[in-house]
2 protein chains.
Amino acid sequence: MPAASETTTKDRILDVAQQLVQARGFSGFSYADIAAKVGIRKASIHHHFATKGVLGAELMARYRTDFGRALQSIEKSGGGSRSKLRKYGRLFVDVLRDGHRMCLCGMLAADFDALPKSVRTEVSGFFDDNETWLTRVLETGRAEGDLSFTGPVEVQAQVILAALEGAMLVARSYRNVKLFEAVAQRVLAGVGA
Amino acid sequence: MPAASETTTKDRILDVAQQLVQARGFSGFSYADIAAKVGIRKASIHHHFATKGVLGAELMARYRTDFGRALQSIEKSGGGSRSKLRKYGRLFVDVLRDGHRMCLCGMLAADFDALPKSVRTEVSGFFDDNETWLTRVLETGRAEGDLSFTGPVEVQAQVILAALEGAMLVARSYRNVKLFEAVAQRVLAGVGA
DNA sequence: GTCTATAAGATGATAGAC
DNA sequence: GTCTATCATCTTATAGAC
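In this text the structure is predicted, and so the values were computed from the model without any measurement. (Residues numbered from 1 in each chain as written. Chains lettered and ligands numbered in written order. Predicted model: local features only at pLDDT ≥ 70, side-chain atom pairs only at ≥ 80, totals over all residues. Heavy atoms only, no water.)

**Topic: the relation of the copies chain A and chain B**
Mapping chain A onto chain B calls for a rotation angle of 180 degrees and an axial translation of 0.0 Å; the resulting RMSD is 0.0 Å. Taken together, the rotation angle and the small translation identify this as a two-fold axis. A symmetric contact is evident, with 100% of the interface residues of chain A recurring at the interface of chain B. (Least-squares fit on C-alpha atoms with pLDDT ≥ 70 in both. Contact = heavy atoms within 4.5 Å.)

Shown next as structure tokens:
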């Protein structure tokens with residue numbers, strides 16, 4: 001098990017592939033693109049990821065793991081439910097700020113019909129993870145009086161997730177991070193955060 | 001000028017191309033795909049649309065026109081601001097219901113970095129159209145006491161647009177129209193509709 | 001306006017040497 | 001683990017006959 005700071009070729013491939021997917025979609029990049037940016041040959045990428053489907057699935061799996069860790073970190077950071085939701089929102093802005101990229105999962109959700117089945121599973125799984133986490137935070141927040149909203153918690157969670165993904169989509173086409181921030185702030189204000 | 005019911009080859013190409021983009025993204029389909037579905041040869045498509053960029057731009061231009069007409073129709077249909085917003089939401093559900101397609105513009109917004117400039121312009125233009133229309137409805141609705149919400153009207157308009165686009169994205173990956181409907185209803189309820 | 005034929009390059013993927 | 005070489009296929013696009 002390599003140290004966290006160590007960067008293997010496999011990781012560098014995933015890093016480059018992820019940026020390409022987030023910018024151009026699953027059908028919008030090729031092994032040649034990755035090879036050029038990493039500084040290796042196409043065949044070497046196939047050594048690490050036999051097919052594009054495998055690459056996509058491992059990409060999403062890593063993203064889910066990383067995102068899960070980020071959510072855990074928010075959990076442990078203390079602070080109330082409002083603070084947690086605001087930190088959750090920051091997870092999305094950070095991606096948008098760094099090169100106007102789309103959320104990896106949001107991008108692959110758009111490409112859903114063009115994805116291998118193994119990648120599709122990871123995409124729905126990511127959304128599940130987010131809805132589960134948001135539902136828990138919203139539930140706790142309401143119980144403790146920190147948050148207030150009407151209707152089922154699950155729907156509120158879906159509203160927040162959908163609004164953030166959609167705001168990334170729209171803001172990206174304007175290259176306007178402020179638009180995202182305004183939408184995120186307004187949506188979170190809607191539950192009292 | 002052909003009658004509305006008449007279907008030219010050019011229109012049939014656009015129809016098929018639109019469905020393909022909405023399902024697989026701009027990089028996820030080819031002239032060969034269109035040719036097979038329309039029942040003509042690739043060269044014939046190039047006769048009508050010299051390049052894929054031209055096809056994309058004309059596709060979005062038609063979509064904007066059609067959508068604009070739909071918004072005008074809502075305008076003329078009478079009813080209050082609440083009713084108008086609900087009809088606006090129905091525009092999106094209908095697309096999702098018909099083959100779990102993504103909004104053409106939302107899909108192209110995801111593909112933004114892979115688009116020719118002429119298509120990009122149309123994408124931002126579509127979002128402009130929507131925000132302008134929503135802003136007007138929200139403003140009128142608030143003035144007449146039909147709707148109520150806090151903060152700038154433009155931000156509310158962006159929230160609604162973002163939430164609907166994002167809800168399509170998420171719902172599509174679950175093949176779950178009800179998820180979209182729940183989110184749409186909740187978001188519109190947030191402004192009193 | 002549609003066709004056949006063809007081009008030039010990209011694409012995902014494999015075989016086998018080092 | 002990375003490379004060269006190669007493959008079959010697909011991609012966008014053009015030329016020119018009908």
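So that's the structure; there's more coming.
**Concerning the interface of chain A and chain B**
With 40 residues of chain A in contact, the opposing surface of chain B contributes 40 residues. Buried surface at the junction of chain A and chain B, summed over both partners, amounts to about 3,400 Å²; 61% is from carbon and sulfur atoms. On the chain A side of the contact with chain B, D113, L169 and R186 of chain A bury the most area, a combined 18% of that side's loss. Remark: the boundary between chain A and chain B carries four salt bridges. Here R175 of chain A and D113 of chain B are joined by a salt bridge, their closest N and O atoms 2.8 Å apart. For the pair chain A and chain B, the number of links is 12 residue pairs in polar contact (both at pLDDT 80 or more). Elements that contribute at least two residues to the side of chain A that touches chain B include exactly helix 1 (9–24), helix 6 (104–110), helix 7 (117–143), helix 8 (153–174) and helix 9 (177–189) of chain A. Here the side of chain A that touches chain B takes 15 residues from helix 8 of chain A, the largest share from any one element. (Buried area = accessible area lost by both parts, 1.4 Å probe. Salt bridge = Lys/Arg side-chain N within 4 Å of Asp/Glu carboxyl O. Polar contact = N/O pair within 3.5 Å; in protein donor to acceptor, adjacent residues only side chain to side chain. Helix = DSSP H or I, 4+ residues; strand = E, 2+ residues; numbered from the N terminus.)

**Observations regarding the environment of L188 of chain B**
All names here are of chain B. Within the secondary structure layout, L188 lies in helix 9 (residues 177–189). Separated by 25 residues in sequence, L188 and A163 place their C-alpha atoms 9.9 Å apart. Those residues within four positions of L188 in sequence are excluded, and the remaining contacts are L85, R86, I160 and A193.

**Description of the packing of aromatic side chains**
Under the defined criterion, the tally for this structure stands at 18 aromatic pairs over all chains. On the basis of an interplanar angle of 20 degrees and a centroid distance of 5.3 Å, the ring pair of Y88 of chain B and W133 of chain B is categorised as stacked. Of this pair, Y88 of chain B sits in helix 5 (residues 81–97) while W133 of chain B sits in helix 7 (residues 117–143), placing them 45 residues apart in sequence. Given the relative accessible area of 0%, Y88 of chain B is considered buried. Above the plane of the ring of F29 of chain A lies K52 of chain A, whose end atom (NZ or CZ) is 4.4 Å from the centre. (Phe/Tyr/Trp six-rings, centres within 6.5 Å; stacked < 30°, edge-to-face > 60°. Buried < 20%, exposed > 50% of the residue type's maximum accessible area, 1.4 Å probe, protein only. Lys NZ or Arg CZ within 6 Å of the ring centre and 35° of its normal.)

**Brief notes about the protein's contact with DNA strand C**
Around DNA strand C, a shell composed of 16 residues is seen, among which H46 and K52 of chain A together with R41, S44 and H48 of chain B lie nearest. Of what DNA strand C places within 4 Å of the protein, 62% of the atoms are sugar or phosphate. Here a phosphate oxygen of DNA strand C and a backbone polar atom of K52 of chain A are 2.8 Å apart. Within the contact set of DNA strand C, a phosphate oxygen lies 2.7 Å away from a side-chain nitrogen or oxygen of S44 of chain B. When contributions to the surface near DNA strand C are tallied by element, the ones reaching two or more residues are helix 2 (31–38) and helix 3 (42–48) of chain A together with helix 3 (42–48) of chain B. Among the elements that line the surface near DNA strand C, the one with the most residues is helix 3 of chain B, at four residues. Among the residues making up the surface near DNA strand C, the classes are represented as six nonpolar, seven polar and three charged. (Near = heavy atom within 4 Å. Nonpolar A, V, L, I, M, F, W, Y, C, P; charged D, E, K, R; others polar.)

**Topic: the protein's contact with DNA strand D**
Around DNA strand D sit 15 residues, and of these R41, S44 and H48 of chain A together with H46 and K52 of chain B come closest. When atoms of DNA strand D within 4 Å of the protein are split into backbone and base, the sugar-phosphate part holds 60%. In the environment of DNA strand D, a phosphate oxygen lies 2.8 Å from a nitrogen or oxygen atom belonging to the backbone of R41 of chain A. S30 of chain B is positioned such that a nitrogen or oxygen atom in its side chain is 3.1 Å from a phosphate oxygen of DNA strand D. Residue assignment for the surface near DNA strand D shows that the elements contributing at least two residues are helix 3 of chain A together with helix 3 of chain B. Counting residues per element, the surface near DNA strand D draws most heavily on helix 3 of chain A, which supplies four residues. Among the residues making up the surface near DNA strand D, the classes are represented as five nonpolar, seven polar and three charged.

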